[in-house]
Amino acid sequence: MTATTDFEIHPASGPLPAAQRAAVLEDPGFGQTFTDHMVTMRWSAERGWHDGRLEPYGSFTLEPATSVFHYGQAMFEGMKAYRQHDGSITLFRPEENAARFNASARRMAMPELPPEVFVESLELLVSQDRGWVPEGAGRSLYLRPFMIATDPALGFTHPSRTFLFCVVASPATAYFGGGPPTSLTVWLSTSFTRAVRGGTGFAKTGGNYAGAFAAGLEATAHGCDQVVWLDAMEHSWVEEMGGMNLFFVFAREGARPRLMTPALTGTLLPGITRDSLLRLAPRLGYDAVEGQISIDEWREECAAGTLTEVFACGTAAVIAPVGAVRSERECWTVGDGRPGPITLRLREELLGIQHGSAPDPDGWVRHVC
Ligand SMILES: *Cc1c(COP(=O)(O)O)cnc(C)c1O
């Protein structure tokens, strides 16, 4: 694993004028507009990582035979840069993204990137395009590091021998819109499966998403916002939701509230937001455990009033409350269908740490510029 950490710097000759950039930052949406620059780096079997560049955001030219177009050997990460109250810019636990990037790389037979080079590439892009980091809670600069296989050959007896790493950045409001969150209605997918043991469920690879779109359309056709994935064998154990992890909140009179998130079985994506909430919840007076829940338990505990809140979590949407559940056979509401108090408290606390208005006892925040 050789690497040159020297990035050649090629600034854009015509960055977007400040007034136009300000207009974009007024209401950035999600993943639609990209900043003036990107980072690229190449890997080959002979040279390892080389040719690191910060350069103007722009198109790639790739031969039609390029491996990634045919076999989907591709992976990505997702994280955000946050504007602090004093105007400075931070990242949130970027070493965790670096570690997960390499876990995905190993599963996809792609080259690992030294964690410090991964973080350096993010800091380089964020510093260069710092004017693109929006202000305000729930707003951020979404960073998308990714890697693709670039061998121009159709043989598939071995993985590609050349790869391209790239980081692009896009100003963002929280995924399901800014302001107070509204509850989602979710669809329990019993005919489609996202991941099986031994498969690629724990890796952030495009194919997992490619296979999920059909279930998303089914959810939309049933008036739902998102798909909840169940285990592949019995279609009864809850795994995760769309591109987010799930938490279940159990409250009993006189007892500490208990948060439960499905354990990492290899078929779930190990979310960094999920991990942060598992660590954060005890400080707020909640028990937090990894466990399992079936759809029957979900329905019955809601009916009994012991399962009071459900929410999804991930970098893009932070925390999104789940208010109602539907499947081919049944539908029910969670609590009164509105965002619950523990969901909102956790969301506020996490946003507070990310934007620097709440203490950061675990040292999750990394100052960039
Ligand atoms: C990225 C992702 C998540 C959330 O991970 P975070 O690190 O919290 O953003 C959850 N599930 C899937 C399928 C994902 O791709």
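Just above sits the structure.
We now turn to the structure provided with this report. Residue numbers here run from 1 along each chain, matching the order of that chain's written sequence. Totals for whole chains, interfaces and linings use every residue, but because this is a predicted model, local features are given only for residues with pLDDT of at least 70 and side-chain atom pairs only at 80 or more, for both listing and counting. Hydrogen atoms and water are omitted, and side-chain values are computed over all heavy atoms in the structure.

By definition, a salt bridge exists where a carboxyl oxygen of Asp or Glu is found within 4 Å of a side-chain nitrogen of Lys or Arg. Tallied over the full model, the rule gives 16 salt bridges. The salt bridge involving Arg299 is made with Asp296; its shortest N-O contact spans 3.3 Å. Of this pair, Arg299 and Asp296 both sit in helix 8 (residues 295–304), 3 residues apart, which is roughly one turn of the helix. With a 1.4 Å probe rolled over the protein chains alone, any residue whose accessible area is under 20% of its type maximum counts as buried; one over 50% counts as exposed, and the rest are partly exposed. For Arg299, a relative accessible area of 23% puts it in the partly exposed group. For Asp296, a relative accessible area of 36% puts it in the partly exposed group. Of the charged contacts in the structure, one is a salt bridge between Glu300 and Arg299, with a shortest N-O distance of 3.8 Å. In this structure, a network of salt bridges that share partners links the residues Arg93, Glu96, Asp275 and Arg279. In this text, helices come from DSSP runs of H or I with a minimum length of four residues, and strands from runs of E with a minimum of two, each type numbered from the N-terminal end.

Two cysteine sulfur atoms make up a disulfide if the distance between them is within 2.5 Å. Counted according to the given criterion, the structure contains 0 disulfides. Left unpaired, Cys166 is separated from the closest cysteine sulfur, that of Cys369, by 19 Å. The thiol of Cys302 is not disulfide-bonded; the next cysteine sulfur, from Cys331, is found 12 Å away.

Only heavy atoms are used to decide nearness, and a residue is near a molecule or strand if one of them lies within 4 Å of it. Taken together, 15 residues lie around the ligand, and Lys204, Tyr209, Glu240, Thr273 and Thr315 are the ones closest in. The definition of a polar contact used here is a pair of N or O atoms within 3.5 Å, where within protein one atom must be able to donate a hydrogen and the other to accept one, and adjacent residues in sequence count solely through side-chain atom pairs. Between the ligand and Tyr209, the relevant distance is 2.6 Å, taken from an oxygen atom to a side-chain nitrogen or oxygen of the residue. Thr273 is positioned such that a nitrogen or oxygen atom in its side chain is 2.6 Å from an oxygen atom of the ligand. Calculation of accessible area relied on Shrake-Rupley with a 1.4 Å probe; when residues are assessed, cover is drawn exclusively from the protein chains displayed. Relative to its free-state accessible area of 380 Å², the ligand is covered by the protein chains to the extent of 96%. We call Asp, Glu, Lys and Arg charged. Ala, Val, Leu, Ile, Met, Phe, Trp, Tyr, Cys and Pro are nonpolar, and the rest, Gly among them, are polar. For the shell around the ligand, a count of residues per class yields 4 nonpolar, 7 polar and 4 charged.

So, on to the side chain of Ser276. Relative to the elements of secondary structure, Ser276 occurs in helix 7 (residues 272–280). Side-chain polar atoms of Ser276 contact the side chain of Arg93, separated by 2.9 Å. With near-sequence residues (within four places) excluded, Ser276 lies in contact with Phe92, Arg93, Leu350 and Trp364. The contact criterion used throughout is that any non-hydrogen atoms of two residues lie within 4.5 Å.

Another aspect to go through is unusual backbone geometry. Positive phi values are uncommon outside glycine, yet Arg93 reaches one of about 50°. Among the residues examined, Arg93 registers a relative accessible area of 5% and is labelled buried. Not every positive phi belongs to a glycine, and Val318 is a case in point at roughly 65°. Structurally, Val318 is set in strand 16 (residues 318–326). Among the residues examined, Val318 registers a relative accessible area of 4% and is labelled buried.

Once that is clear, we can look at the nonpolar core. Throughout, nonpolar core names a set of buried Ala, Val, Leu, Ile, Met, Phe, Trp, Tyr and Cys residues whose side chains join them through atoms within 4.5 Å. With 35 residues, the main nonpolar core has Leu113, Phe118, Leu143, Met147 and Phe165 as its most contacted residues. Ranked by residue count, the leading element in this core is helix 4 (residues 115–128), at 6 residues. With residues up to four places along the chain from it excluded, the contact list for Phe118 reads Glu77, Met79, Pro94, Asn97, Ala98, Phe101, Leu113, Pro145 and Phe165. In terms of nonpolar packing, the next biggest core, distinct from the first, is built from 25 residues, Leu188, Phe250, Cys302 and Val334 among them.

By the element assignment, Arg83 lies in strand 5 (residues 79–83). Arg83 gets classed as buried once you look at its relative accessible area, which sits at 14%. Between the C-alpha atoms of Arg83 and Arg139, which are 56 residues apart in sequence, the distance is 8.2 Å. Setting aside residues no more than four positions away along its own chain, Arg83 makes contact with Ser88, Ile89, Arg130, Gly131, Val133, Pro134, Glu135 and His355. Within the structure, the side chain of Arg83 is placed 2.9 Å from the backbone oxygen of Val133, a separation counted as a polar contact.

Our next topic: helix 6 (residues 213–221). Those residues of helix 6 that fall on the buried side of the exposure criterion are Ala215, Glu218 and Ala219. The arc that holds every buried residue of helix 6, seen down its axis, measures 100°, which confines them to one face. Exposed residues on helix 6 whose side chains face more than 90 degrees from its buried face are Phe213, Leu217, Thr220 and Ala221. At its buried positions, helix 6 is contacted by strand 9 (184–189) and strand 10 (226–230). Immediately beyond the C-terminal end of helix 6, within one or two residues, lies Gly223, with a positive phi of roughly 75°. It is the directions from the helix axis to the C-beta atoms whose arc is reported.

Now for the side chain of Asp231. In this fold, Asp231 is placed in the loop between strand 10 and strand 11 (238–241). At a separation of 2.9 Å, a polar atom in the side chain of Asp231 contacts the main-chain amide nitrogen of Ser236. Here the side chain of Asp231 touches Trp237 through a polar contact of 2.8 Å, landing on its backbone nitrogen. Sequence-distant contacts of Asp231, that is, excluding residues within four places in its chain, are made with Ser236, Trp237 and Glu239.

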